[in-house]
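Structural features, examined
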Amino acid sequence: QVQLVESGGGLVQPGGSLRLSCAAAGFDFSLNGMRWFRQVPGKERELVASIISSGTSTYYTDPVRGRFVISRDNAKNAVYLQMNNLKPEDTAVYYCNAWGKINAWGRGTQVTVSS
């Protein structure tokens, strides 16, 4: 059974940091690219960052480039999103997505940036 479980969300003040984790199970993690999306109520889910199966290439959407870092550990079947210098506009539910051989989603973790 394919599973993606996000963790690490929470409430943080502007300028703070959070590290999201996504634990994968039930598929060959090392053969799939991984992505982080986010969504706020009333808006479409947007791509935040992606990393290819080998981990050697990454992509970031403009609003987060230079502040967020995506990484993966294929030995642990996990992908991470280090979020630094967080802003109120980063508030959203963050979702982990596996793409390539499969297309699977986690249930999301809430990130709230507020003073």
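For the structure, check the block above.
What this report covers is the structure whose coordinates are included nearby. Small disclaimer: the values here were computed from a predicted structure and weren't measured.

Tracing the chain through its elements places Ala98 in strand 9 (residues 92-99). For Ala98, a relative accessible area of 0% corresponds to the buried category. C-alpha separation for the pair Ala98 and Gly42, spaced 56 residues apart in sequence, amounts to 24 Å.

This part covers the sheet that holds strand 3 (residues 18-25). Strand order in the open sheet made by the 4 strands is 1-3-8-7, with antiparallel pairing throughout. At either end of the open sheet lies a strand with only one pairing partner, and these are strand 1 (3-7) and strand 7 (68-73). Taking the axes of each pair of neighbouring strands and ignoring which way they run, one obtains an average angle of 15 degrees across the sheet. Both strand 3 and strand 8 (residues 78-83) contribute to a ladder of 6 bridges, which runs antiparallel. Residue pairing in the sheet places Leu20 in a bridge with Leu81 of strand 8.

Taken as a whole and judged by the stated rule, the model has 1 disulfide. What pairs with Cys22 in a disulfide is Cys96, and their sulfur atoms sit 2.1 Å apart. A torsion of -80 degrees about the S-S bond marks the disulfide between Cys22 and Cys96 as left-handed. Of this pair, Cys22 sits in strand 3 while Cys96 sits in strand 9; the two residues are 74 residues apart in sequence, bridging distant segments of the chain.

Core analysis: the biggest nonpolar cluster contains 28 residues, and Leu4, Met34, Trp36, Val79, Leu81, Met83 and Tyr94 have the highest contact counts within it. Among the elements of the structure, strand 3, strand 4 (33-39), strand 5 (46-51), strand 7, strand 8, strand 9 and strand 11 (109-113) are those that each provide at least two residues to this core. Apart from the residues lying within four places of it in its own chain, the contact partners of Tyr94 are Glu6, Leu20, Trp36, Phe37, Arg38, Val48, Phe68, Leu81, Met83, Gly108, Thr109 and Val111.

Calculation rules
Per chain, residues are indexed from 1 in the order of the written sequence. Thresholds applied to this predicted model are a pLDDT of at least 70 for local features of residues and 80 or more for the giving and counting of side-chain atom pairs; totals over whole chains, interfaces and linings are not thresholded and use all residues. Based on all heavy atoms of the structure, the side-chain values leave hydrogens and waters out of the count. Helix and strand assignments follow DSSP, with helices taken as H or I runs no shorter than four residues and strands as E runs no shorter than two, numbered in order from the N terminus. Burial here depends on accessible area, computed with a 1.4 Å probe over protein chains only, as a share of the maximum for the residue type. Under 20% is buried, over 50% is exposed, and the range in between is partly exposed. Here, strands pair whenever DSSP counts at least two bridges between them. Here the axes come from fitting lines to C-alpha atoms, over the contacting stretch only for helices, and the angles between their N-to-C directions go from 0 to 180 degrees. By disulfide we mean two sulfur atoms from cysteines, separated by a distance within 2.5 Å. The definition of a nonpolar core used throughout is a set of buried Ala, Val, Leu, Ile, Met, Phe, Trp, Tyr and Cys residues joined through side-chain atoms within 4.5 Å. Pairs of residues are marked as contacts when any of their non-hydrogen atoms sit within 4.5 Å.

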